[in-house]
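So you can see what is in the structure, the chains are spelled out below.
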Amino acid sequence: MVNKADHSENTTDQGLLRGRFSEATDEFVEVFTASISFDQRLYAEDIRGSLAHAQMLLKIKILTSGEFDQIKGGLEAIKGEIENNQMNWSVALEDVHMNIENRLIQLIGDTGKKLHTGRSRNDQVATDIRLYLRDAIDQILDLESALLHRLADLAELHHDTILPGFTHLQAAQPITFGHHLMAWFAMLNRDRSRLIDCRKRTNQLPLGAAALAGTPYKPDREYMAELLEFEGVCENSLDAVSDRDFAIEFCSVTALTLTHMSRWCEELILWSSQQFSFIELPDRFCTGSSIMPQKKNPDVPELIRGKTGRVNGNLISMLTLMKSQPLAYNKDNQEDKEPLFDSVDTLRDCLTALVGLVPNIIPNKGNMRHAALAGFTTATDLADYLVRKGLPFRDAHEVVGEAVQRAIELGKPLEALSITELAGGTSDIIDEDVYEVLSLTGSVAARDHLGGTAPAQVLKAIAKAREHI
Ligand code: ARG
């Protein structure tokens with residue numbers, strides 16, 4: 001809960017920083033400039049960062065150990081209050097940093113006023129966001145690895161289940177369902193590696209940069225980095241407090257991940273329709289219609305597809321808020337939080353949904369097979385067969401085109417044609433073994449090479465992929 005303009009409990013009657021002003025903040029401006037309604041979320045990171053800063057102040061002898069203990073006890077008490085919903089957040093105190101600092105001073109008195117020595121909210125907030133994002137990335141990486149495992153399990157189960165592969169959404173060639181699923185695996189696995197990479201650049205410490213120029217107290221920045229488990233220190237103080245490229249990068253990785261998921265979800269939606277009937281989605285992941293009693297709507301994949309819009313929007317918001325900002329910190333940066341938080345939440349939710357959904361996708365093997373048989377999907381195999389018998393590919397292509405034409409006229413699939421119907425003038429080079437080539441299983445088994453759709457290759461690809469999750 002946020003209190004509107006409650007100045008009464010602040011350490012000065014106008015908050016912590018109005019010493020140089022001759023009038024109180026305008027009421028509207030107070031609300032307009034406050035971020036407490038959304039940056040409360042950073043309370044744990046803010047306290048963690050403050051503890052590391054205080055411990056460093058102890059190390060460089062700015063704080064005595066008695067003072068440090070008091071600050072530590074106070075910050076821990078505040079954490080308890082927040083988690084028990086007892087914190088009285090105040091808009092007048094603008095943001096999470098000043099709310100917590102103000103509460104510390106209320107609790108422990110003058111020693112609390114020493115915490116902000118050699119620190120600014122500028123390096124404080126940059127540290128908080130990096131700590132927050134690092135944790136969020138770790139949670140997301142875990143969800144991604146769960147999803148990848150489940151995808152690999154489903155692919156293994158269906159390494160030899162046949163369906164038509166599509167180009168232009170037209171049945172093209174028979175493929176295995178396992179191979180198809182492993183294509184989604186490959187995309188999500190690349191998204192995951194992009195996130196791992198983004199974590200490295202997120203995991204750098206801004207503290208010590210203070211407002212922009214550093215601080216005369218000679219802060220031990222490496223020590224704070226160690227305490228907070230950062231891999232390194234942001235080495236230029238101006239850059240440390242002002243850039244948000246790590247958050248932009250996260251939003252970009254999220255936009256791309258959701259873009260992949262939305263392609264995949266589009267397929268789940270199409271495939272679960274009566275027209276395709278390739279898969280059945282579990283009832284508990286679908287909803288009904290308020291008017292049409294027969295409906296079973298694929299709302300979960302539809303929402304994931306739709307939520308791609310908001311994460312793409314978040315990326316544009318982040319890029320645009322950073323664009324044109326002169327060095328160093330500007331208040332524009334307060335606008336980084338809502339899009340970032342929203343991208344984190346959205347990605348986490350969409351992954352959670354898919355982790356639950358994927359193992360429960362039931363393919364309708366009969367319909368998949370039927371669709372693969374219906375579309376002359378082994379026509380290329382016939383052409384390849386004729387090439388092996390000595391015909392140049394372009395001539396073979398034409399012969400097979402004519403065979404398809406005949407099959408359409410006769411209303412039969414290719415493998416139901418006689419050898420003469422299949423090959424017209426070239427029937428002398430065709431033997432009975434052509435029927436194996438025209439079969440769906442023969443077609444997929446023939447593509448037995450790295451990256452091919454043959455069931456044996458799919459199993460190899462899955463084994464290899466599992467090593468990298
Ligand atoms: N609430 C601010 C933010 O989110 C904290 C930093 C404010 N710094 C300042 N100099 N006004 O960016």
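Residues numbered from 1 in each chain as written. Predicted model: local features only at pLDDT ≥ 70, side-chain atom pairs only at ≥ 80, totals over all residues. Heavy atoms only, no water.

Observations regarding the side chain of Ser50
- Relative to the assigned elements, Ser50 resides in helix α3 (residues 43-59).
- Looking at Ser50, the relative accessible area reads 1%, which means it is buried.
- Excluding residues that lie within four positions of it along the chain, Ser50 makes contacts with Leu75, Leu115, Arg119 and Gln124. (Helix = DSSP H or I, 4+ residues; strand = E, 2+ residues; numbered from the N terminus. Buried < 20%, exposed > 50% of the residue type's maximum accessible area, 1.4 Å probe, protein only. Contact = heavy atoms within 4.5 Å.)

A look at the nonpolar core
- Among the nonpolar cores identified, the biggest contains 100 residues, and Ile100, Phe250, Met261 and Trp264 are the most heavily contacted of them.
- Looking at this core, the element that brings in the most residues is helix α6 (residues 121-157), giving 16 residues.
- Each residue touching Met261, except ones within four places of it in the same chain, is listed here: Leu188, Ile304, Leu347, Cys350, Leu351 and Leu354.
- The next biggest cluster of nonpolar side chains, apart from the first, holds 21 residues, and it includes Leu391, Ala396, Ala407 and Val437. (Core = buried A, V, L, I, M, F, W, Y, C linked by side-chain atoms within 4.5 Å.)

Re the site of the ligand
- Taken together, Ser35, Asp95, His97, Arg121, Asn122, Val125, Tyr329, Gln334 and Lys337 make up all the residues around the ligand.
- Between the ligand and Asp95 there is a distance of 3.1 Å, counted from a nitrogen atom to a side-chain nitrogen or oxygen.
- Tyr329 has a polar side-chain atom sitting 2.5 Å from an oxygen atom of the ligand.
- For the ligand, the accessible surface in isolation is 340 Å², of which the surrounding protein chains cover 86%.
- With 3 residues, α6 is the largest single contributor of residues to the shell around the ligand.
- When its residues are assigned to classes, the shell around the ligand shows 2 nonpolar, 4 polar and 3 charged. (Near = heavy atom within 4 Å. Polar contact = N/O pair within 3.5 Å; in protein donor to acceptor, adjacent residues only side chain to side chain. Areas by Shrake-Rupley, 256 points an atom, 1.4 Å probe, with all protein chains shown as cover. Nonpolar A, V, L, I, M, F, W, Y, C, P; charged D, E, K, R; others polar.)

Description of the pairing of strand β3 (residues 162-167)
- Across 6 bridges, the pairing between β3 and strand β4 (residues 170-176) is antiparallel. Each bridged residue has a counterpart across the sheet, and for Phe166 the counterpart in β4 is Ala171.
- Hairpin connection between β3 and β4: a loop of 2 residues separates the two successive antiparallel strands, and His168 in this loop has a positive phi of roughly 55 degrees. (Pairing = 2+ DSSP bridges.)

Details of α6
- Compared with an ideal rise of 1.5 Å per residue, which puts 37 residues at 54 Å, α6 spans 54 Å between its outermost C-alpha atoms and is within 8% of the ideal.
- Taken across its 37 residues, α6 has 26 buried, putting it largely inside the fold.
- For α6, the side-chain oxygen to backbone nitrogen distance between the N-cap and Asn122 is 2.8 Å, and the N-cap itself is Ser120. (Expected span 1.5 Å × (residues − 1).)

Some remarks on the packing of helix α7 (residues 177-202) against helix α10 (residues 245-271)
- Relative to each other, α7 and α10 sit at 165 degrees, their axes nearing to 9 Å. Classified by the interaxial angle, the pair formed by α7 and α10 is roughly antiparallel. For the pair α7 and α10, the sense of crossing is left-handed. For the pair α7 and α10, contact is made by Phe177, His180, Trp184, Met187, Leu188, Asp191, Arg194, Leu195, Cys198, Arg201 and Thr202 and by Phe246, Glu249, Phe250, Val253, Leu256, Thr257, His260, Met261, Arg263, Trp264, Glu267 and Trp271, respectively. (Axes fitted to C-alpha atoms, helices over the stretch in contact; angles between N-to-C directions. Parallel < 35°, antiparallel > 145°, perpendicular 65-115°, else oblique. Left-handed = near helix turned anticlockwise from the far one by under 90°.)

Thoughts on the environment of Val344
- Mapped onto the secondary structure, Val344 falls in helix α12 (residues 337-357).
- Along the sequence, Val344 and Thr254 sit 90 residues apart, while their C-alpha atoms lie 8.0 Å from each other.
- Ignoring any residue separated from it by four or fewer positions in sequence, one finds Val344 in contact with Tyr132, Leu133, Ala136, Ile140 and Phe250.

Observations regarding the packing of aromatic side chains
- Taken as a whole, this structure holds 8 aromatic pairs when the rule is applied.
- Measuring from ring centre to ring centre gives 6.4 Å for Phe166 and Phe278, while their planes differ by 35 degrees; the resulting arrangement is tilted. Taken as a pair, Phe166 in strand β3 and Phe278 in the loop between α10 and β7 (279-280) lie far apart in primary sequence, 112 residues in all.
- Overall, the relative accessible area of 28% leaves Phe166 in the partly exposed class.
- Relative accessible area serves as the criterion here: at 2%, Phe278 is assigned to the buried category.
- Seen in terms of ring centroids, Trp271 and Phe278 are 5.5 Å apart; in terms of plane orientation they differ by 65 degrees. Their pairing is edge-to-face. (Phe/Tyr/Trp six-rings, centres within 6.5 Å; stacked < 30°, edge-to-face > 60°.)

What about the state of the cysteines?
- One pass over the structure, following the stated rule, counts 0 disulfides.
- In this structure Cys198 is a free cysteine whose sulfur lies 9.0 Å from that of Cys251, the closest cysteine sulfur available. (Disulfide = S-S within 2.5 Å.)

Remarks on a nonpolar patch on the surface
- There is a patch of nonpolar side chains on the surface, built from Phe28, Val29 and Phe32 and spanning about 340 Å² of accessible area.
- Checked against the element boundaries, Phe32 lands in helix α1 (residues 27-33). (Patch = residues over 30% accessible without salt bridge, like charges linked within 9 Å, V, L, I, M, F, W, Y side chains within 5 Å. Salt bridge = Lys/Arg side-chain N within 4 Å of Asp/Glu carboxyl O.)

Some details on the pattern of salt bridges
- A full pass over the atoms with the stated rule returns 28 salt bridges.
- One salt bridge in this structure joins Arg48 and Glu229, with 3.4 Å as the shortest N-O distance. Taken as a pair, Arg48 in helix α3 and Glu229 in the loop between α8 (221-227) and β6 (232-233) lie far apart in primary sequence, 181 residues in all.
- Connected through shared salt-bridge partners, Glu94, Asp95, Arg121 and Lys331 make up one network.

Some words on the side chain of Arg130
- The residue Arg130 is located in helix α6 in this model.
- As a buried residue without a salt bridge, Arg130 has its nearest oppositely charged side chain in Asp245, at a separation of 4.8 Å.
- What Arg130 contacts, discounting residues up to four positions off in sequence, is Arg201, Thr202, Gln204, Pro206, Phe230, Cys234 and Phe246. (Lys, Arg positive; Asp, Glu negative; His and termini not counted.)

Description of the environment of Leu268
- With respect to the secondary-structure elements, Leu268 resides in helix α10.
- Taking relative accessible area as the criterion, Leu268 reaches 5% and is therefore assigned buried.
- It is 7.6 Å that separates the C-alpha atoms of Leu268 and Ile279, two residues lying 11 residues apart in sequence.
- Ignoring sequence-local partners within four residues, the contact set of Leu268 consists of Ile279, Leu281, Pro301, Leu357 and Ile361.

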